[in-house]
Amino acid sequence: MKIPSSIWTLLIGIVLTLASFWYGQNHGLLPAAATDEAVLVDGLFNTMMIVSTGIFLLVEGILIYSAFKYRRRAGDNEDGPPVEGNVPLEILWTAIPAIIVIGISVYSFDVYNEIGGFDPHAIHEAPMMNQESMKMPGHGSAMAATLNDTPPGREPNLNQEKSDEAMQDPATAEVRNADQIPQLRNAPGVGSVAPTIGGSPEKAGKPAELLVNVTGLQYAWIFTYPETGITTGEMHVPIGREVQISMTANDVIHAFWVPEFRLKQDAIPGRQSEIRFTPKKAGDYVLICAELCGPYHGAMRAPVVVESEEAFDKWLQEQLVASKETLNQAIAINPADLSPNEFLAPYTKDMGIKPEILHQVHH
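Residues numbered from 1 in each chain as written. Predicted model: local features only at pLDDT ≥ 70, side-chain atom pairs only at ≥ 80, totals over all residues. Heavy atoms only, no water.

## Details of the overall build of the protein
Definition in use: Strands are runs of DSSP state E lasting at least two residues, helices are runs of H or I lasting at least four, and both sets are numbered from the N terminus onward. Think of it in three bands: with a 1.4 Å probe and only protein chains considered, a residue is buried below 20% of the maximum accessible area for its type, exposed above 50%, and partly exposed in between. Between two residues, a contact is recorded if the distance between any of their heavy atoms is within 4.5 Å. Accessible surface area values rest on a Shrake-Rupley calculation with a 1.4 Å probe, where residue burial reflects the displayed protein chains alone.
Scanning the protein from terminus to terminus reveals 11 helices and 11 strands. Looking at the protein as a whole, 36% of its 363 residues qualify as buried. Relative to all contacts within the protein whose residues are 6 or more apart in sequence, the contacts with residues 24 or more apart total 72%. Carbon together with sulfur atoms contributes 61% to the accessible area of the protein, which is approximately 21,100 Å² in total.

Here's what the structure looks like:
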C-alpha cells in the first residue's frame, strides 16, 4: 500500500517537532542556573534551541533527500526540466522566518524587562556611587609593616612604599596603586550612570537588600561592602537576598560576567553601571572579565561565593575581626600616644577610609 505524501509530511513534521523539543530541553550547553534571573534567560535560550534544531533538521533533511532523490542516473545526459518560480512557496518561506524572528524578539524583550533591564528612568534616578568606598585601600598588614619600619618621630611615606612595591613587582603595581588613579578622585564625569540591569518589575523603586561596589582594573576585581567598609578580593553573597552590584573601572573597559548568573554588564571608566540579581544556588563560582582588557585579560578572574545567610554573616564578622586586628597592630606602635583616629588620619585619608568607619572598627 502506498502511503500518501500528505501522511508522510505529517509524520515527518511530528518527528521533527518532538526531536526539536527534546533537544531544546536537554542540550546540556549551559552551566547550572544560580540566580532567579538565570531561569528566565534559560527559558529564552531553550526556545531558540528548539526553533534552531527544527530548522536545522528540516533544511538538512531536505538537502540530503534531494541529493539522493534527484541525483544524476547512469546514462542520463539530458537537460533538467525547466522550473519556474513558485509564488506561494516564496511567500511561505519568507513569512515563516519573519514570524519566528518577531516572536523571538518579543520574547527577548519580555525577558529583558522581567530581569530589570528595561528602565528608561534608571539613568536619572540611580544614586551616585560612593567614590570613597570604590577606592582600594592598602592592605592593613602592608600599612602595619610600613609603620613598623619607620623610625620614631619620622612620618612614614606611603607613596614611596607603593613606588618601591611597583618597582619590585610590576605585574601587580596597578592593583596596589589603584587608589592613586585620577578617576577615583572626583574627576569630571565620575558618578555618571550607565545603562543598568535593575530590579524586576515587582521590585521596581525598592532598594536592593545588599549593595556591593565593584572596581575592575588591570587585572583584578576589588569588592567593597559600603555598609561595613570591608574591602576584599572575593565576593560573598547570601542566598535569597537581592544583590545590587554597582561597578566602575579604573583604566579600560572591563565586563562583569558570572556564567551561572546569566548576567553580563560592562564596567566603564568614569561611569557607574549596575546589575541586580537574587542568588538561589549555593556554590563557588568564578567572575570572569568578558571584555578584552589587555595582555593578561584571560587571568582576570575572581572567586564568587554564594552561601547561606548564616555563613555570609559569619564571613562578614571574620572580615571585621581581621580588619580590627590589623588596626590594633598599627596602633600598638603609636610613638606619641595619640588617639587612633589622630595617629592614623594621614594614612587613612590617603587610602579613602572614612573616620567613622575607622572608629567603628576600632571599638
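## Comments concerning the pairing of strand 8 (residues 263-267)
The following threshold applies: Note on pairing: two strands pair once DSSP finds at least 2 bridges between them.
Judged by which residues are buried, strand 8 turns out to be one-sided: Leu263, Gln265 and Ala267 face inward and are buried, whereas Lys264 and Asp266, on the alternate face, are not. In the sheet, strand 7 (residues 254-258) pairs with strand 8 via five bridges, with the strands oriented antiparallel. Its bridge partner lying in strand 8, Val258 is registered against Leu263. The hairpin turn running from strand 7 into strand 8, its antiparallel successor, is four residues long, and Arg262 in that turn takes a positive phi close to 60°.

## Things to note about the side chain of Thr53
Here Thr53 lies in helix 2 (residues 36-69). We classify Thr53 as buried; its relative accessible area is 12%. When residues no more than four places from it in sequence are discounted, the contact partners of Thr53 are Ser20 and Tyr23.

## Quick word on a positive patch on the surface
The following threshold applies: Patch definition: residues with relative accessible area over 30% and no salt bridge; like charges joined within 9 Å; nonpolar side chains (Val, Leu, Ile, Met, Phe, Trp, Tyr) joined within 5 Å. Here, a salt bridge means any Lys or Arg side-chain nitrogen found within 4 Å of an Asp or Glu carboxyl oxygen. When charges are counted, Lys and Arg contribute as positive and Asp and Glu as negative, whereas His and the chain ends are disregarded. Think of each charge as sitting on NZ of Lys, CZ of Arg, CG of Asp or CD of Glu.
Taken together, the side chains of Lys2, Lys69, Arg71 and Arg73 present a region of like positive charge at the surface. Mapped onto the elements, Lys2 comes out in the segment before helix 1 (5-25).

## What about the packing of helix 1 against helix 2?
Two packed helices can be described by the angle between their axes and the distance between those axes. Which entries qualify depends on this criterion: Inter-axis angles, ranging from 0 to 180 degrees, are taken between N-to-C directions of lines fitted to C-alpha atoms, where helices are fitted over the stretch in contact. Any angle from 65 to 115 degrees is called roughly perpendicular, while one under 35 is roughly parallel, one over 145 is roughly antiparallel, and all others are oblique. Left-handed describes a crossing in which the near helix is turned anticlockwise from the far one by less than a right angle; the clockwise case is right-handed. Amino acid classes used here: Ala, Val, Leu, Ile, Met, Phe, Trp, Tyr, Cys and Pro are nonpolar; Asp, Glu, Lys and Arg are charged; the rest, including Gly, are polar.
Where helix 1 meets helix 2, the closest approach of the two axes is 8 Å, and the angle between their N-to-C directions is 140°. On the basis of their axis angle, the class for helix 1 and helix 2 is oblique. Both helix 1 and helix 2 take part in a crossing whose hand is right-handed. Residue-level inspection shows Leu16, Ala19, Ser20, Phe21, Tyr23, Gly24 and Gln25 of helix 1 in contact with helix 2, the latter providing Asn46, Met49, Ile50, Thr53, Gly54, Leu57 and Leu58. Its residues placed into classes, the contact of helix 1 with helix 2 shows eight nonpolar, six polar and no charged.

## Some remarks on a nonpolar patch on the surface
A grouping of Ile3, Ile7, Trp8, Leu10, Leu11, Ile12, Ile14 and Leu18 is seen on the molecular surface, where their side chains present a nonpolar patch of about 760 Å² in accessible area. As for its position among the elements, Ile7 is in helix 1. The exposure class of Ile7 is partly exposed, given its relative accessible area of 38%.

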